[in-house]
Amino acid sequence: MNTKIKVVALAATAAIALSACSSDSDGGDDVDASSFPAGSTMATLADAGAITIGTKFDQPLFGLKAPSGEPEGFDVEVAKIIAGELGISDDNITWTETVSANREPFIEGGQVDMVVATYTINDDRKEIVSFAGPYYNAGQAMMVLSDNEDIVGPEDMAGKVVCSVEGSTPAQNVMDNYPDAELKLFGAYTDCLQPLRDGTVDVVTTDNVILAGYVSESDGDFKVAGDPFTEEPYGIGVGHDDDEFRSWINDVLEASFEDGSWIDAWNETAGTVLPEPVTPTVDRYTNS
């Protein structure tokens, strides 16, 4: 993938142009750490030549652990674009599994430098971490057995056993807006698949793109029921007060939209199953 990007790093005293391009699959060119503001997260990571990134390991198309032991998917490729702009090659990325419930704790505790993991931006999470992006807009949907004709909209979850994941936005939405559903929570969405097959649960609910991945690998057992019924903007989680890092990532994302590396990443991963997405608009909010 060609990841040539020209990025203007936001700094209080200077605008710093950096050009990071990679024509090979390993990503990452030589980047001088001094080209970033002194003491910034970008300078620290570029100087180290390594980064730890949290992502999902159980979500086809976005973040799925491959037989090689490395994750693959759209989230992974977006993360590689960002790492490449820091001069960090793919083999100097440490991938850490982040499930829905541990993403904020891992960012707060420093176990990861950033999280790219189908991570919906919302106001509650903004109290704990900061988000660059969005880099993709998804929507909550439902997955059922392929012969189920009774569930076509979210109101049909009433009286049904609904499976989702602890700490997820879809689970909270069910609790808040569909209280007649019997919600069953697990640590990972893959934990919902066998219960759906054997009838222990009636519905699995999460974002439409995640469900599409499971449907594509189900040999016809599952289908997505109805249309998405929420908006789920995916962001990149960083430290709550790290406005400088967040703003720089937003610059990288916007450049990737313009130079084609973002859509290349999509077409090589989620785009093998899903239609081409509308290019999102990053949200340059501040915590002040």
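Report follows, based on the coordinates. What you see is a predicted model, and the numbers here were worked out from it, not measured in a lab.

Check the secondary structure of the protein and you find 9 helices and 15 strands. Put simply, the protein has 288 residues, and 54% of those count as buried. Of all intrachain contacts in the protein linking residues separated by at least 6 positions in sequence, the fraction that spans at least 24 positions is 69%. With the model as given, the accessible surface of the protein reaches about 12,200 Å², and the carbon-plus-sulfur share is 45%.

The next thing to look at is the pairing of strand S12 (residues 182-186). Here strand S11 (residues 161-165) pairs with S12 via 5 bridges, running parallel. Bridged to valine 161 within S12 is glutamate 182.

With that settled, the discussion passes to empty space enclosed by the protein. Under the definition given, this model contains 2 cavities of 30 Å³ or more. Empty space within the largest cavity amounts to approximately 70 Å³. Together, 14 residues line the largest cavity, and Arg103, Thr118, Pro170, Tyr189 and Asp207 are the ones closest to its centre. Of all elements in the fold, only strand S8 (114-120), helix H5 (169-177) and strand S13 (203-207) reach the threshold of two or more residues within the lining of the largest cavity. Partitioned by chemical class, the residues of the lining of the largest cavity number 3 nonpolar, 7 polar and 4 charged. By volume, the second largest cavity is sized at about 40 Å³. Contributing to the lining of the second largest cavity are Lys56, Asp58, Gln59, Val99, Ser100, Val165, Gly187, Ala188 and Tyr189. Grouping the amino acids of the lining of the second largest cavity by side-chain chemistry returns 4 nonpolar, 3 polar and 2 charged.

With respect to the helices, strands and loops of the structure, arginine 103 is situated in helix H3 (residues 103-109). A sequence separation of 26 residues divides arginine 103 from valine 129, and the C-alpha atoms of the two residues are 9.4 Å apart. Ignoring any residue separated from it by four or fewer positions in sequence, one finds arginine 103 in contact with Lys56, Thr98, Val115, Ala117, Thr118, Tyr119, Arg125 and Gly167. One polar contact links the side chain of arginine 103 to the main-chain carbonyl oxygen of alanine 117, over a distance of 2.9 Å.

With that settled, the discussion passes to helix H1 (residues 41-48). Residues of H1 that are buried include every one of Met42, Ala43, Leu45 and Ala46, and no others. If you follow the buried residues of H1, they end up packed against strand S3 (51-55) and helix H8 (243-259). Positive backbone phi, at 70°, marks glycine 49, one or two positions downstream of H1.

A word on the nonpolar core. Counting residues in hydrophobic clusters, the biggest one holds 62 residues, and the most contacted among them are Phe74, Met114, Tyr135, Ile236 and Ile249. The element best represented in this core is helix H2 (residues 74-85), accounting for 7 residues. By size, the runner-up hydrophobic cluster in this structure holds 10 residues, among which are Phe106, Tyr119, Val129 and Phe131.

Further remarks concern the state of the cysteines. Tallied over the full model, the rule gives 1 disulfide. Note that cysteine 163 is cross-linked by a disulfide to cysteine 192, the S-S spacing being 2.1 Å. Handedness here is read from the sign of the S-S torsion; for cysteine 163 and cysteine 192, about -80°, the answer is left-handed. One end of the pair, cysteine 163, is in strand S11; the other, cysteine 192, is in the loop between S12 and helix H6 (193-198), and 29 residues separate them in sequence. Like cysteine 163, the residue cysteine 192 is buried in the burial classification.

Residue proline 134 follows glycine 133 across a cis peptide bond; omega there is 10°. One non-glycine residue, threonine 118, lies in positive phi territory at about 40°. On the basis of relative accessible area, threonine 118 is assigned to the buried category, the value being 4%. The backbone of aspartate 219 shows a phi angle near 55°, a positive value even though the residue is not glycine. Within the fold, aspartate 219 resides in the loop between helix H7 (208-216) and strand S14 (222-225).

Moving on, we come to the packing of aromatic side chains. Per the counting criterion, the structure on display carries 16 aromatic pairs. Taking the centre distance of 5.9 Å and the plane angle of 85° together, the rings of phenylalanine 36 and tryptophan 248 count as edge-to-face. Of the two residues, phenylalanine 36 sits in the loop between strand S2 (16-20) and H1 while tryptophan 248 sits in helix H8, which places them 212 residues apart along the sequence. Per residue, the accessibility class of phenylalanine 36 equals that of tryptophan 248, and both read buried. An angle of 15° between the planes, with centres 6.3 Å apart, marks the rings of phenylalanine 245 and tryptophan 248 as stacked. Note that phenylalanine 245 and tryptophan 248 are positioned in helix H8 at a spacing of 3 residues, about one turn of the helix. Phenylalanine 245 sits in the buried class, given a relative accessible area of 1%. What makes tryptophan 248 buried here is its relative accessible area of 0%. An aromatic cluster is defined as three or more aromatic residues linked by ring pairs; in this entry it consists of Phe62, Phe74, Tyr135, Tyr136, Tyr234, Phe257, Trp262 and Trp266. Its end group placed over the ring of tyrosine 285, lysine 126 keeps NZ or CZ at 4.1 Å from the ring centre.

Reading the values: rules and limits
Residues numbered from 1 in each chain as written. Predicted model: local features only at pLDDT ≥ 70, side-chain atom pairs only at ≥ 80, totals over all residues. Heavy atoms only, no water. Helix = DSSP H or I, 4+ residues; strand = E, 2+ residues; numbered from the N terminus. Buried < 20%, exposed > 50% of the residue type's maximum accessible area, 1.4 Å probe, protein only. Contact = heavy atoms within 4.5 Å. Areas by Shrake-Rupley, 256 points an atom, 1.4 Å probe, with all protein chains shown as cover. Pairing = 2+ DSSP bridges. 1 Å grid on protein atoms, 1.4 Å probe; cavity = no way out; pocket = protein on both sides within 12 Å on 5 of 7 lines; lining within 4 Å. Points joined across faces, edges and corners; volume = space filled by probe spheres on them. Nonpolar A, V, L, I, M, F, W, Y, C, P; charged D, E, K, R; others polar. Polar contact = N/O pair within 3.5 Å; in protein donor to acceptor, adjacent residues only side chain to side chain. Core = buried A, V, L, I, M, F, W, Y, C linked by side-chain atoms within 4.5 Å. Disulfide = S-S within 2.5 Å. Phe/Tyr/Trp six-rings, centres within 6.5 Å; stacked < 30°, edge-to-face > 60°. Lys NZ or Arg CZ within 6 Å of the ring centre and 35° of its normal.

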